[in-house]
Amino acid sequence: MNINEVCLAIQRDLARVGVEVSLEFKTSNTYWRQERYGAVGPMYVDSWSSTVGEALPRLLGALTPGAFYNTWEDETLSRLIAQAAITTDRNARASLYRQIQRRMFDDPPFVYLYQPVIFEAVNVRVQNYRPRAAEEYYLKNVSIVLYKIKCTPVNRTKQGHEGAEWTHFSRR
């Protein structure tokens, strides 16, 4: 199911309980032309992932005053996020994230619809690729084995031209 189909399903579900919703599908470029993301309207569908392995970029972008993606503000949450951004002690940072998570659970800034489950088939010739739920691809250490040849020595050494030694291998 793509995101437009999800929006249509939500529209149908809301209509069943008496809430009429009109949908306007826009391209991503429509959003980027706005001064702030929130200018697109009171309700929109969004998706975001982070390449750094923690939530801070998402929190800063979506929940701090004046940030491009911010459409909802909470003073306590903003203070906790700002503190997490400058805290280097792992345990203290983990404590801040627990407080942030609790606050977001108690007073959610978003309606979480679903988390995509991604299935990827990877050819055995692709080496060192690890699928990520975050939808980013890290290909720096990925390689493709074009073919493997197992070589077995047939004749150890023979005299070649001008007395040079060489080894003969046969493909199997």
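Below you will find a few notes about this structure. (Residues numbered from 1 in each chain as written. Predicted model: local features only at pLDDT ≥ 70, side-chain atom pairs only at ≥ 80, totals over all residues. Heavy atoms only, no water.)

Aromatic rings considered in pairs are described by the distance between their centres and by the relative angle of their planes. For the structure on display, the rule yields zero aromatic pairs. Positioned over the ring face of Phe110 is Arg58, at 5.0 Å from the centre of the ring. (Phe/Tyr/Trp six-rings, centres within 6.5 Å; stacked < 30°, edge-to-face > 60°. Lys NZ or Arg CZ within 6 Å of the ring centre and 35° of its normal.)

With that out of the way, let us pick up the environment of Asn128. Relative to the assigned elements, Asn128 resides in the loop between β1 (126-127) and β2 (143-144). Residue classification places Asn128 among the partly exposed positions, given a relative accessible area of 48%. Taking the C-alpha atoms as reference points, Asn128 and Tyr138, ten residues apart in sequence, are found 9.8 Å from one another. When sequence neighbours within four positions are dropped, the list of residues in contact with Asn128 reads Asn141 and Val142. Reaching out from Asn128, the side chain makes a polar contact with the backbone oxygen of Asn141 at a distance of 3.3 Å. (Helix = DSSP H or I, 4+ residues; strand = E, 2+ residues; numbered from the N terminus. Buried < 20%, exposed > 50% of the residue type's maximum accessible area, 1.4 Å probe, protein only. Contact = heavy atoms within 4.5 Å. Polar contact = N/O pair within 3.5 Å; in protein donor to acceptor, adjacent residues only side chain to side chain.)

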